Amino acid sequence: MRDFFRQVLEVVEPLRQGFATTRKHLTEKPVTVQYPEERRPVPARARWRHILRRYEDGENRGLERCIGCSLCSAACPADCIYVEASENTDEERYSPGERYASVYQINMLRCIFCGMCEEACPTGAIVLTGDFELAEYTREAFIYNKERLLVPPVS
Amino acid sequence: MSGWMIFLRAVVIPLVIPIVVLTLIPLWIWLERRVCARLQQRLGPNRVGWQGLFQPIADVIKLLFKEDITPSHADRIVYLAAPVVALIPSVAALAVIPFGDTMSVPSHLFWGDPVPVPVQVADVNIGILWVLALGSLAVYGVVLAGWASNNKWSLLGGVRSAAQMVSYELPMGLAVIAVMLSSSAFATAHSGYAALSLRTAVESQRGVAFAGWNCFWHFPAFVIFCICAVAECNRAPFDLPEAEQELTGGFHTEYSSLRFAMFFMGEYIHMTTLSAVGTALFFGGYLSPLAGIPLVSSLNVSHIPVLNILAPVGWFLLKVLLCILLFIWLRWTLPRLRWDQLMRLGWVALLPAAFGWVMVAAILQTVAAEIAPHTAGDPLLVYRVLVFLTAALLGLIVYFKRAGRSAARPAGA
């Protein structure tokens, strides 16, 4: 008889513990972050959408940093960057050096966001930012051209 | 019987009850998803409509637009019929459940003597047998679906379901028999009640507040019934027939679109039916838990025309809701049983326990029937006193044995 009660207790006690656990969680605050309205802070070193920077001050203020050297393209393990360089002239000057990127494309579908382009860049032109909302409706829209990547002119 | 009465009893009530129950199903699904989310510290669906209330409707619309696939090697006719077979018995079982007290309605549409009409599709004298019979029919849908899908996982699910149903129907039936002993004692003491009708089972629990409820006076039967009810509707922790992790959905692996929705609906209707039966048998059905309490009972609504019909129905639905919440809590707390554990629980634990309680209850009931005339009391009341005395005796024995043991042994041994 004593064994019987012990056996019953052996079955019932874990059940009680289980119900106590779920009941405890029932009254705790949900951990859900309601995404489009609520956002968790993006980490400072997050690597998402690329931008092409300009010089913000100094003698080259307003000029593009990119000199069309294609080092980013060479460093890219996913081979998703395409750069075409052209000569700067005195009438049309885009960047401080001899050349600038006349075509600069990144295929965001291929990009693995490793940040090696950023490391390879000698002028700090290409930088990965914390903007992670990159959804598009067509495949073509994922190929970012220079207009989309370049930050607006310094005012 | 006037035309109005025939219309009321043959058309209005049989239409309103299934419609109300079917409307509750999306509510249960919403409740399940929200409650399980909160149990896991999530929020659950809260976007479609107020607090996500329309989420089940959105889900059904999605299912409607999905392709209805029939596997090429399936047994076509059986495959297509199985979801219907699974759905119908659960709905049909609702017919004998008393949703509310008898209401008084005029014998003609707006005039005539008041006639008592039960808020129930059919108050048949074999009510509980009808429920049990349809409960065992419901398994055919699952078994046929498993067989006709021509898929080994489905077949395994179907076979598991059949074996599970056979194992858990027996203790359930025995638990019900114990309750039926009480309600048949009530039926012999009062004229106009059929022994096996669910309405009799409810009426036999009438008393001050919840003092008469069978969940106290048939506690072992109540526990056994609860376990078996969960097993009967194939819900966790007894969801072996559809065990997602082992059988990729079990019997409904091959089903999609509306046919899957029918299985889904069937499960929830079955759950509602079993909750309703459990409520009627153990929680006093439509009886108010506030009846007979001094201050509250002065708020009697039995003379207010509409409220006196709606209040019992409200109590009934509230109790069903609590049962559903218990189902949900169970599902999201307990892990699924292994197959051998399921069989052992059914045959080694529940069946002997149910037999034991039927014998104890029968003996107490017989003794009560013998004593009752001498004490000029109600046999049910005497039975309850006997149950109380037995439980108290058992408690005392256990208490003194433990006390004796701890006294005999030094502490910490």
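Residues numbered from 1 in each chain as written. Chains lettered and ligands numbered in written order. Predicted model: local features only at pLDDT ≥ 70, side-chain atom pairs only at ≥ 80, totals over all residues. Heavy atoms only, no water.

1. Remarks on the overall build of chain B
For step 1, the next point in the chain: A count of helical and extended segments in chain B gives 13 helices and two strands.
For step 2, the next point in the chain: A separation threshold of at least 6 residues defines the contact pool for chain B, and within that pool the share at least 24 residues apart is 76%.
For step 3, the next point in the chain: Surface accessibility of chain B: about 20,100 Å² in total, with carbon and sulfur atoms responsible for 73%.
For step 4, the next point in the chain: Distance between charge centroids for chain B: 10 Å, based on 25 positive and 20 negative side chains. (Helix = DSSP H or I, 4+ residues; strand = E, 2+ residues; numbered from the N terminus. Contact = heavy atoms within 4.5 Å. Areas by Shrake-Rupley, 256 points an atom, 1.4 Å probe, with all protein chains shown as cover. Lys, Arg positive; Asp, Glu negative; His and termini not counted. Charge placed at Lys NZ, Arg CZ, Asp CG, Glu CD.)

2. Some details on the overall build of chain A
For step 1, the next point in the chain: Scanning chain A from N- to C-terminus turns up four helices and five strands.
For step 2, the next point in the chain: Ordered by position from the N terminus, the helices and strands of chain A form the series α-β-α-β-β-α-β-β-α.
For step 3, the next point in the chain: Its C-alpha atoms give chain A a radius of gyration of 27 Å, more than 25% over the compact-globule value 15 Å for 155 residues.
For step 4, the next point in the chain: In terms of overall dimensions, chain A has a C-alpha envelope of 100 × 30 × 30 Å along the principal axes.
For step 5, the next point in the chain: Per-residue burial for chain A yields a buried fraction of 30% across its 155 residues. (Rg over C-alpha atoms; globule rule 2.2 N^0.38 Å. Buried < 20%, exposed > 50% of the residue type's maximum accessible area, 1.4 Å probe, protein only.)

3. Considering the environment of A:Met108
Residue and element names in this part refer to chain A.
For step 1, the next point in the chain: Examined against the element boundaries, Met 108 turns out to sit in the loop between β3 (99-107) and α3 (116-120).
For step 2, the next point in the chain: The exposure class of Met 108 is buried, given its relative accessible area of 6%.
For step 3, the next point in the chain: Separated by 43 residues in the primary sequence, Met 108 and Val 151 have C-alpha atoms spaced 17 Å apart.
For step 4, the next point in the chain: Excluding its chain neighbours within four sequence positions, the residues that come into contact with Met 108 are Arg 49, His 50, Phe 113, Leu 134, Phe 142 and Tyr 144.

4. Notes on helix α8 (residues 219-232) of chain B
Residue and element names in this part refer to chain B.
For step 1, the next point in the chain: With 14 residues, α8 should cover 20 Å at 1.5 Å per step; its first-to-last C-alpha distance of 20 Å lies within 8% of that length.
For step 2, the next point in the chain: Looking at the buried residues of α8, the elements they touch are α4 (127-148), α5 (152-189), α7 (214-217), α10 (257-282), α11 (307-331) and α12 (339-375).
For step 3, the next point in the chain: Count one or two residues on from α8 and you reach Asn 234, which has phi positive near 55°. (Expected span 1.5 Å × (residues − 1).)

5. Quick look at the interface of chain A and chain B
For step 1, the next point in the chain: Contact residues are listed per partner, giving 17 residues for chain A and 16 residues for chain B.
For step 2, the next point in the chain: Here chain A packs against chain B, burying approximately 1,500 Å² in sum over the two surfaces, 59% of which is carbon and sulfur.
For step 3, the next point in the chain: Our enumeration of links across chain A and chain B arrives at 10 residue pairs in polar contact (both at pLDDT 80 or more).
For step 4, the next point in the chain: The residue inventory of the side of chain A that touches chain B, partitioned by class, reads seven nonpolar, five polar and five charged. (Buried area = accessible area lost by both parts, 1.4 Å probe. Polar contact = N/O pair within 3.5 Å; in protein donor to acceptor, adjacent residues only side chain to side chain. Nonpolar A, V, L, I, M, F, W, Y, C, P; charged D, E, K, R; others polar.)

6. Things to note about the pattern of salt bridges
Residues and elements named next belong to chain B.
For step 1, the next point in the chain: Scanning the model with the defined rule gives 17 salt bridges over all chains in all.
For step 2, the next point in the chain: Ionic pairing is found between Glu 32 and Arg 235, a salt bridge with its closest N-O pair at 3.0 Å. Remark: Arg 235 occurs in the loop between α8 and α9 (244-247) and Glu 32 occurs in helix α1 (residues 3-39); sequence separation between them is 203 residues.
For step 3, the next point in the chain: We classify Glu 32 as buried; its relative accessible area is 2%.
For step 4, the next point in the chain: Here the residues in one salt-bridge network are Glu 32, Arg 235, Glu 267 and Arg 331, joined through shared partners. (Salt bridge = Lys/Arg side-chain N within 4 Å of Asp/Glu carboxyl O.)

7. Things to note about the sheet that holds strand β5 (residues 143-144) of chain A
Residues and elements named next belong to chain A.
For step 1, the next point in the chain: Strand order in the open sheet made by the three strands is β2-β3-β5, with antiparallel pairing throughout. Each edge of the sheet is formed by a strand with only one pairing partner; in this case those strands are β2 (81-87) and β5.
For step 2, the next point in the chain: Note: β3 against β5, two bridges, orientation antiparallel. Bridge pairing in β5 links Ile 106 to Tyr 144. (Pairing = 2+ DSSP bridges.)

8. Some remarks on the packing of aromatic side chains
For step 1, the next point in the chain: Counted by the stated rule, this structure contains 17 aromatic pairs over all chains.
For step 2, the next point in the chain: With centroids separated by 5.4 Å and ring planes inclined at 55°, the aromatic side chains of B:Tyr168 and B:Phe238 adopt a geometry described as tilted. Placement of B:Tyr168 in helix α5 and of B:Phe238 in the loop between α8 and α9 is noted, with a sequence separation of 70 residues between them. Comparing B:Tyr168 with B:Phe238 shows no difference in burial state: the two are buried.
For step 3, the next point in the chain: Clustering of aromatic rings is evident, with ring pairs tying together B:Trp213, B:Phe219, B:Phe222, B:Phe225, B:Phe282 and B:Phe283.
For step 4, the next point in the chain: In this arrangement the basic side chain of A:Lys146 is found over the ring face of A:Tyr94, its NZ or CZ atom lying 5.6 Å from the centre.
For step 5, the next point in the chain: We note A:Arg148 situated over the ring of A:Tyr144; from NZ or CZ to the ring centre the distance is 3.9 Å. (Phe/Tyr/Trp six-rings, centres within 6.5 Å; stacked < 30°, edge-to-face > 60°. Lys NZ or Arg CZ within 6 Å of the ring centre and 35° of its normal.)

9. What to know about the domain arrangement of chain B
All names here are of chain B.
For step 1, the next point in the chain: With domains assigned, chain B is organised as domain 1 (20-63) and domain 2 (66-288 + 303-408).
For step 2, the next point in the chain: Computed from C-alpha atoms alone, the centre-to-centre distance between domain 1 and domain 2 is 25 Å.
For step 3, the next point in the chain: Each partner contributes to the interface: domain 1 provides 14 residues, whereas domain 2 provides 22 residues.
For step 4, the next point in the chain: For the pair domain 1 and domain 2, the summed buried surface comes to about 1,700 Å²; carbon and sulfur atoms form 80% of the total.
For step 5, the next point in the chain: Considering only the side of domain 1, the residues that lose the most area to domain 2 are Trp 28, Glu 32 and Leu 63, jointly responsible for 41% of the buried surface there. (Domains from an automatic or database assignment.)

10. A word on α11(B)
Residues three or four positions apart in an α-helix share a direction because the helix packs 3.6 residues into each turn.
For step 1, the next point in the chain: An ideal rise of 1.5 Å per residue puts 36 Å on 25 residues; α11(B) measures up with 35 Å between its terminal C-alpha atoms.
For step 2, the next point in the chain: Among all positions in α11(B), only B:Pro312, B:Val313, B:Phe316, B:Lys319, B:Val320, B:Cys323, B:Ile324, B:Phe327, B:Ile328 and B:Leu330 are buried.

11. Quick notes on unusual backbone geometry
For step 1, the next point in the chain: Here A:Phe113, not a glycine, exhibits a phi torsion of approximately 55°, which is positive.
For step 2, the next point in the chain: Relative to the helices and strands, A:Phe113 is located in the loop between β3 and α3.
For step 3, the next point in the chain: Unusually for a residue other than glycine, B:Gln41 sits at a positive phi of about 60°.
For step 4, the next point in the chain: Here B:Gln41 is to be found in the loop between α1 and α2 (55-64).

12. A closer look at the environment of B:Leu144
For step 1, the next point in the chain: Among the secondary structure elements, B:Leu144 is positioned in helix α4.
For step 2, the next point in the chain: Residues within four places of B:Leu144 in sequence aside, it is in contact with B:Val78 and B:Ala82.

13. Focus: the environment of B:Asp68
Residues and elements named next belong to chain B.
For step 1, the next point in the chain: Of note, Asp 68 is situated in the loop between α2 and α3 (76-92).
For step 2, the next point in the chain: For Asp 68, the contacting residues outside a window of four places in its chain are Ser 256, Ser 257 and Arg 259.
For step 3, the next point in the chain: Within the structure, the side chain of Asp 68 is placed 3.1 Å from the side chain of Arg 259, a separation counted as a polar contact.

14. Let's talk about the packing of α1(B) against α2(B)
All names here are of chain B.
For step 1, the next point in the chain: Running from N to C, α1 and α2 point in directions that differ by 110°, and their axes come no closer than 8 Å. Here α2 runs roughly perpendicular to α1, going by the angle between their axes. Contacts between α1 and α2 involve Pro 26, Ile 29, Trp 30 and Arg 33 from the former and Gln 55, Pro 56 and Asp 59 from the latter.
For step 2, the next point in the chain: For the contact of α1 with α2, the per-class residue count stands at four nonpolar, one polar and two charged. (Axes fitted to C-alpha atoms, helices over the stretch in contact; angles between N-to-C directions. Parallel < 35°, antiparallel > 145°, perpendicular 65-115°, else oblique.)

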